Amino acid sequence: MLEVQVKKKFRSFTLDLELSAGNELICLLGPSGAGKTTLLHMVAGLMEPDEGLIRVNNKSYFQKPAGARRGRQLPPYRRRVGYVFQNYALFPHLTVNQNILFGAKGSMDETRQEASYLVNLLRLRGLEQRKVTELSSGQQQRVALARALITRPDILLLDEPFSNLDELIRRKLRLDLLRVHRDFRIPIMMVTHDLEEASTLGEMVAVMDSGRILQVGTREEVFYCPRSRRVARFVGMKNIFDGRVAEVKPEENLLKVAGDKFNVCLPYHPCRVGDRIVFGIRPENISLVRNGAELGKRGENNVLKGRLVEMIPEGPGYRLFLKTTADTYDLEILIPSRIALKHQLTVGKELSVTLRKTALHLLRED
Ligand code: ADP
Ligand code: MG
């Protein structure tokens, strides 16, 4: 369990945030300079907040009420925190085993047993006596993980741990981390720039900017129902539009919106005719429809016609750019390759797509 409520003022930057979690894996997303590393440093005890509280597993790490002259700051070595740095920070002259055992407390037998368990868990069997400089970067990062876990910490912090690694290794390390999380059942807080990483790993996702948390919630909430335009941009919603409320029909769970680009139906939300609103839909939530297909009544499926202006392979599918107005393009759509094949897509083709009412979300203007 983790509870953070801190304030810290630097000359040109203020951190002011609250975050609480059980034993989830939390991904911290946010632009560079948002305060992510500072937050991890505070939990680890490497930096003292001006005021607030930090509790991990019901143990107070920091406490200083607003206005109090003195606080209580537990020194780093008395906190049960595992920390994995971006650049691993391993000891180059030591072996894998020596690196893992470094910082271990408790009896020698117990520690060796623990190290052996971690060597297995993190796929390091056979490499124990190697110098860490003789390892690949993925292996080094697994040693760093093992070293952070040898003390059986109450929380694990990772600061962009996989950002220097190539895609294939990153994917494997993500699975390693999920295995660690299942075995240890402790909160894991991980900073990442990678949206895919945050959405595969983050049971909880916290989006940070300018020292604040803009939104925190389950991955579904944050990725599919971002609260504001800023969060929506940050989590890759891509299709974000402005419009004006044209009709409000709570009894039909319906909001008709005259968009600046096109008209759509959204799920009901309390507002008044004429209000300016912002709405959005994720690229993977837009589907292609067969030309001329009759879709539902009252236009709730928001069928739009457009021309395919660009088609870029992405992962196991394609990212499509569809032009429905005079602009270069208006919609970004992600589809699996088999759908692209089925529709025989080529650049220049006329397409119909549906922005299903339930997949459209109302956003708050920042
Ligand atoms: P992130 O990890 O999200 O990129 P950081 O937490 O490293 O961001 O930094 C957030 C802001 O806090 C930056 O503007 C940085 O200049 C400022 N900052 C961090 N540590 C200090 C410090 N010790 N003194 C002054 N400013 C700091
Ligand atoms: Mg950082």
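To start, this report covers the structure provided alongside it. What you see is a predicted model; the values in this text were computed from it and never measured. (Residues numbered from 1 in each chain as written. Chains lettered and ligands numbered in written order. Predicted model: local features only at pLDDT ≥ 70, side-chain atom pairs only at ≥ 80, totals over all residues. Heavy atoms only, no water.)

By secondary structure assignment, the location of Ser 116 is in helix α3 (residues 108-121). On a C-alpha basis, the gap between Ser 116 and Ser 32 in space is 37 Å, while along the polypeptide they are 84 residues apart. Among the polar contacts listed, one links the side chain of Ser 116 to the side chain of Arg 125, at a separation of 3.1 Å. (Helix = DSSP H or I, 4+ residues; strand = E, 2+ residues; numbered from the N terminus. Polar contact = N/O pair within 3.5 Å; in protein donor to acceptor, adjacent residues only side chain to side chain.)

Quick look at the site of ligand 1 now. The local shell around ligand 1 consists of Phe 10, Phe 13, Pro 31, Ser 32, Gly 33, Ala 34, Gly 35, Lys 36, Thr 37, Thr 38 and Met 47. A distance of 3.1 Å separates an oxygen atom of ligand 1 from a polar atom in the backbone of Ala 34. In the environment of ligand 1, an oxygen atom lies 2.9 Å from a nitrogen or oxygen atom belonging to the backbone of Gly 35. In terms of residue count, the dominant contributor to the shell around ligand 1 is helix α1 (residues 36-44) (three residues). Split into classes, the residues belonging to the shell around ligand 1 amount to five nonpolar, five polar and one charged. (Near = heavy atom within 4 Å. Nonpolar A, V, L, I, M, F, W, Y, C, P; charged D, E, K, R; others polar.)

Ordered by their spatial adjacency, five strands build an open sheet running β16-β20-β17-β18-β19, and the pairing between neighbours is antiparallel. Every interior strand has two partners, whereas the edge strands, β16 (287-289) and β19 (331-336), have only one. If you compare each strand with its neighbour and ignore which way they point, the axes differ by 50° on average. Note: strand β17 (residues 303-314) against strand β18 (residues 317-323), seven bridges, orientation antiparallel. Counterpart to Leu 308 in the pairing with β18 is Leu 322. (Pairing = 2+ DSSP bridges. Axes fitted to C-alpha atoms, helices over the stretch in contact; angles between N-to-C directions.)

All right, on to the nonpolar core then. Counting 45 residues, the largest nonpolar core has Ile 100, Leu 156 and Leu 177 as its most contacted members. By residue number, the principal contributor to this core is helix α4 (residues 137-149), which donates six residues. Filtering out sequence-adjacent residues up to four positions away, Leu 156 remains in contact with Gly 82, Tyr 83, Val 84, Leu 145, Ala 148, Leu 149, Leu 177, Val 180, Ile 186, Pro 187, Ile 188 and Met 189. By size, the runner-up hydrophobic cluster in this structure holds 31 residues, among which are Leu 15, Ala 34, Tyr 61 and Phe 62. (Core = buried A, V, L, I, M, F, W, Y, C linked by side-chain atoms within 4.5 Å. Buried < 20%, exposed > 50% of the residue type's maximum accessible area, 1.4 Å probe, protein only. Contact = heavy atoms within 4.5 Å.)

Now for the packing of α3 against helix α5 (residues 167-184). For the pair α3 and α5, the least separation of the axes is 11 Å and the interaxial angle reads 140°. Relative to α5, α3 is oriented oblique. For the pair α3 and α5, contact is made by Tyr 117, Leu 118 and Leu 121 and by Arg 179, Val 180, Asp 183 and Phe 184, respectively. Among the residues forming the contact of α3 with α5, the class breakdown is five nonpolar, no polar and two charged. (Parallel < 35°, antiparallel > 145°, perpendicular 65-115°, else oblique.)

On to the packing of aromatic side chains, then. If you walk through the whole model with that rule in mind, you get seven aromatic pairs. On the basis of an interplanar angle of 50° and a centroid distance of 4.5 Å, the ring pair of Phe 91 and Phe 102 is categorised as tilted. Of the two residues, Phe 91 is situated in the loop between β7 (81-84) and α2 (96-101) and Phe 102 in the loop between α2 and α3; the sequence distance between them amounts to 11 residues. Judged by its relative accessible area of 27%, Phe 91 falls in the partly exposed class. Ring-pair connections join several aromatic residues into one group, and the members of that group are Phe 241, Phe 262 and Phe 279. In this arrangement the basic side chain of Arg 152 is found over the ring face of Phe 184, its NZ or CZ atom lying 4.4 Å from the centre. Lying over the aromatic face of Tyr 224, Arg 282 brings its terminal NZ or CZ to 5.4 Å of the ring centre. (Phe/Tyr/Trp six-rings, centres within 6.5 Å; stacked < 30°, edge-to-face > 60°. Lys NZ or Arg CZ within 6 Å of the ring centre and 35° of its normal.)

Estimated volume of the largest pocket: approximately 770 Å³. Lining the largest pocket are 27 residues, and of these Val 81, Gly 103, Lys 105, Ala 148 and Thr 151 sit closest to its centre. Looking at the lining of the largest pocket, the elements with two or more residues in it are β7, α3 and α4. Grouping the constituent residues of the lining of the largest pocket by class yields 13 nonpolar, six polar and eight charged. (1 Å grid on protein atoms, 1.4 Å probe; cavity = no way out; pocket = protein on both sides within 12 Å on 5 of 7 lines; lining within 4 Å. Points joined across faces, edges and corners; volume = space filled by probe spheres on them.)

Without other data, these values stay purely geometric and don't point to any function.
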